[in-house]
Amino acid sequence: MNDLATAVRSADHPRAVALVTAMDAAQRKAELPALQALRRELVRRDGVAPGWDALLVIGAVCHSTPAEAADWLSRGEIDGVAAWDHPPLLGLLEDQPAHWQREVGLRLANRRAGRTDDWGSGLLFRIAEHLLRRSDTPPPPEPNLVVDWMRDRSSTLFRSAVTVLPPDVDLYARLRADSFTPVLAPLVFEGSTARWFDHFAHGRDAERWAPALVALVADGTIDRAPFLARALARLARGGAAREQRTYLDLVTGLEPAVGELADNRRALLAMLDGDSVVAGFALESLVVLDGAGLLGEGEVGEAAGVVSGRPEKKLVRVLLGWLERVAAGGRVGVALRAVAGCLGHPDRLVQGRALKVIKRYVDSVEEGVVVELRSAALLLDPSHAAVAAELLGVAVEVPVGTVVDRLPEPPRPVAVPAPFGTPAELAEELAAAAGSTSFERLLDGLTRHAWQDRDALAAALAPLPQSWEPLHALALVATGATPPETLTPLLQYRHEYGGAFGSVLAARLHEAARQLATDPVPFLLAAPSWCNGALDAGELVARLARYEELGVRPGPVDFAQALLRTAGDPQAAAAAERLTSAAGRQLAAWLREGGLPGRESVVVPKGTEKYRHCEQPAPDADRLALLAVAAGEPLPEPLRLLLGPRPDLLERYRGKPWQLDERAAAVLPHHREETAVRLLPRLGDDRLPLLLAENGGPCGPAVHQLLALSGSAEDGRGRAAAVDALLVLAAREAETPTGFDPALLGREAGELVRDGAVKPNRLARTLADLAAAGAPRLAWTVLAALLPVLLAAPVPRGAAELLTTAVDLARETGARGGIPAVTRLAEGGGRSKAVSEARTLAALLG
């Protein structure tokens, strides 16, 4: 290699700079092939070589034009460079002509701005900044450039040796001294900047962007009027709630005056349709404008039309209070036309308040307004039928419940895809592996193809990027690229944070790694036949017979997992009697005895634990002995842990490992109650309720607790899975009894609400969705059992939401028969929403 490339490789900065300084343009260009080859070499070494920083700068100045230099600097693989501002390298950049520095700086600022997925964008921002400052060029008003600027100014971690900002001062002082601030600060509302407002603050107000920007507006560094207009326009565009509230904090810190709000009234009206907190600010601002006489009648109606359609009761109550003041001020027609939009609100109390406003002013409006009110009143809840008839002469229809549940067909087992035919197919699936079916199929595929042709497998897997995902690491073992011991630290982590199921999965991977390296097998015994993890008994007998033909000894964990996936089968047991190995005799006994016996769970009330939970008794010796892998050989420890009593709660509160819940549902596919006991209360996978519903085995209290918790999931997908699971279990119960009991679900849900484990508003939405999905009677049965538990004194917060849903379901199903707890609350006095809904429900139930 030539002298320049050698000096760059060894990070000999003074020599490399001296060599390139002595070259003319043609000589520098001639060095590029060697530098490009060195770059490719270092990229393959993950960019950790000490020569990266010299390569970055020297390669740039060897190119003929600023455009080529900027392209060299901004290539994605250079992102790992840690340092560039060594004095010799700095001098090389600073010796370039001013026009070169200006154009390279501008190109870097525009081409690489805002790449927040790596730290290389911060590096290139600093190079661009240095070149722009050296050439006396202001930064381009590029919105995405603000991301890199904010990140750089937020933390000393990114500060270079050539920074012009004062050290060891707060964010305001840094920005005040920064000549980039007047150009870039007004653009903080463009692009994905919200995440950097407090990213490096760590609780220190002096490092928060919102207060610093407010101070910069106050001292005149930032022009106030356009800055506030940009902020409100950004809020009007909408976006993620956290992002919107970050920008709103800045706006409220600016304390806009009435005149400034008036100048931005269109943005305020648009904000009414966004995040609830942002909409609340906009509504309050519009109320202020109206009080100052700065809002037209059309704008009042426009605002009311948006807010009255929002589900948040608090916002609509504020709206009604405003409209009542509008009516009191003489604009009765405007107010009541706007109030009409609230008559269709889903909350009965909001409807009632709207009727009170109408009652007070309806005699003062013309007939045309009354006609509009009558039309809107048709959307009222039947509980307001009498008031609507008295005020407006409208007959609100009171439905008579005659519905029946429409349950789906019970799901049938879905077969897993056939084993991978070629290593290439396996490699393609491994690149996008997800879910229990993929995990099992890939584990089996690595085993099969390592047995058949390890070289072909290695060639197919070679293009895959390195990863510390368990199956990717196992693939390296399968191809002989790494010894099985490399999996130990990774799988120890998975074991520690995965609880009992994680122990089994880690043990299976450990065993597979050992087999791949030293004792290969043709395929795995435990590979499931169906997507829920179940294994056909006859298929397992055939696999074990093939093992005997080849003289292959089963892996203890693999064989134990295969047994747990197989139910009793007399016909398959007869075939297994012909097997001659110890494992064959064990399989025959297993199938003859009916597989793993089930165990009932017991409910443990809330005590020292976070809330009530389920436990199972310690296993008897016969149950564990039934799973012994071979005569005289003990049960593998992970399986002993899995089948023992409920694991310590502490491990069940830890984080969710690598889709464990989905894979856990496939470990004991014939024992959904035992799976539920061990997964409560950590429900990491949204689909877990549905996966358990599709498994076999009885439904005990743990399954019902899991369904209640899933019905309160924060994510709507989790609640949707709970609805699907309830429909599946109800359909299966109608076909073959499993112990699914909607009344038990209601009682467990009520106790969990009282414990604080289940959010009543989320559970109410889930039950309403269940009714909308075709099972209103099922949803009512759950609620009818839940209410007596829920309404025991003291009534918990949020009970009104469930009572509201109960009213709707009782009316839809025509339910009759009083519930003492509801009657007691209804007759106890008070004006809360819970009491009001209880009165309505008690009247419906008779």
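Conventions used here
Residues numbered from 1 in each chain as written. Predicted model: local features only at pLDDT ≥ 70, side-chain atom pairs only at ≥ 80, totals over all residues. Heavy atoms only, no water. Helix = DSSP H or I, 4+ residues; strand = E, 2+ residues; numbered from the N terminus. Contact = heavy atoms within 4.5 Å. Core = buried A, V, L, I, M, F, W, Y, C linked by side-chain atoms within 4.5 Å. Buried < 20%, exposed > 50% of the residue type's maximum accessible area, 1.4 Å probe, protein only. Axes fitted to C-alpha atoms, helices over the stretch in contact; angles between N-to-C directions. Parallel < 35°, antiparallel > 145°, perpendicular 65-115°, else oblique. Left-handed = near helix turned anticlockwise from the far one by under 90°. Nonpolar A, V, L, I, M, F, W, Y, C, P; charged D, E, K, R; others polar. Salt bridge = Lys/Arg side-chain N within 4 Å of Asp/Glu carboxyl O. Patch = residues over 30% accessible without salt bridge, like charges linked within 9 Å, V, L, I, M, F, W, Y side chains within 5 Å. Areas by Shrake-Rupley, 256 points an atom, 1.4 Å probe, with all protein chains shown as cover. Polar contact = N/O pair within 3.5 Å; in protein donor to acceptor, adjacent residues only side chain to side chain.

(A) The arrangement of the environment of Pro419 in detail. One can find Pro419 in the loop between α23 (385–392) and α24 (423–430). Considered as a pair, Pro419 and Arg448 are 29 residues apart in the sequence and their alpha carbons are 8.7 Å apart. Ignoring any residue separated from it by four or fewer positions in sequence, one finds Pro419 in contact with Arg441, Asp444 and Arg448.

(B) Structural context of the nonpolar core. Among the nonpolar cores identified, the biggest contains 108 residues, and Leu587, Leu642, Trp780, Leu787 and Leu841 are the most heavily contacted of them. With residues up to four places along the chain from it excluded, the contact list for Leu787 reads Leu803, Ala806, Ile819, Ala821, Val822 and Leu841. Judged by nonpolar contacts, the second largest core, of 94 residues, contains Val217, Leu248, Val300 and Ala303.

(C) Summary view of the packing of helix α39 (residues 701–710) against helix α41 (residues 742–755). α41 packs onto α39 with a crossing angle of 60 degrees between their chain directions and a minimal axis gap of 9 Å. Classified by the angle between their axes, α39 and α41 sit oblique to one another. The element α39 and its partner α41 pack so that their crossing is right-handed. The segment α39 lies against α41, with Pro701, His704, Gln705, Leu707, Ala708 and Leu709 engaging Leu744, Leu745, Glu748, Ala749 and Leu752. Among the residues forming the contact of α39 with α41, the class breakdown is 8 nonpolar, 2 polar and 1 charged.

(D) Region of interest: the pattern of salt bridges. For the structure shown, the criterion picks out 38 salt bridges. In this structure, Glu190 engages Arg230 in a salt bridge whose closest nitrogen and oxygen atoms are separated by 3.6 Å. You can see Glu190 sitting in the loop between α11 (181–184) and α12 (209–218) and its partner Arg230 sitting in helix α13 (residues 224–237), a full 40 residues away along the chain. Assessed through its relative accessible area of 34%, Arg230 is described here as partly exposed. The residue Arg224 makes a salt bridge to Glu260 at a minimum N-O spacing of 2.6 Å. Taken together, the positions of Arg224 in helix α13 and Glu260 in helix α15 (residues 258–263) put the pair 36 residues apart, joining distant regions of the chain. Under the relative-accessibility criterion, Arg224 is labelled partly exposed at 27%. Under the relative-accessibility criterion, Glu260 is labelled buried at 19%. Via salt bridges that share partners, Glu129, Arg133, Asp152, Arg153 and Asp178 belong to a single interconnected network.

(E) Local environment of a nonpolar patch on the surface. A surface patch of nonpolar side chains, about 200 Å² in accessible area, is lined by Val258, Val288 and Leu294. Along the chain, Val288 turns up in helix α17 (residues 276–291).

(F) Representation of the side chain of Arg348 in the model. Residue placement: Arg348 occurs in helix α21 (residues 348–361). Looking at Arg348, its side chain comes within polar contact range of the main-chain oxygen of Thr804, at 3.0 Å. The residues touching Arg348, leaving out its near neighbours within four places in the chain, are Asp381, Ser383, His384, Thr804, Val807, Asp808, Arg811 and Glu837.

(G) Spatial organisation of unusual backbone geometry. Looking along the chain, the bond that leaves Ala793 and enters Pro794 is cis, with omega of -5 degrees. Position of Pro794 among the secondary structure elements: in the loop between α43 (776–790) and α44 (799–813). Phi angles above zero are rare outside glycine, and Asp136 is one such case at about 55 degrees. Residue position: Asp136 is located in the loop between α8 (120–134) and α9 (145–154). Judged by relative accessible area, Asp136 falls into the exposed class, the value being 71%. Phi is positive for Glu255, which is not a glycine, with a value near 50 degrees. Locating Glu255 in the fold gives a position in the loop between α14 (241–254) and α15. Since its relative accessible area comes to 63%, Glu255 is described here as exposed.

By themselves, these observations are geometric and do not establish any function.
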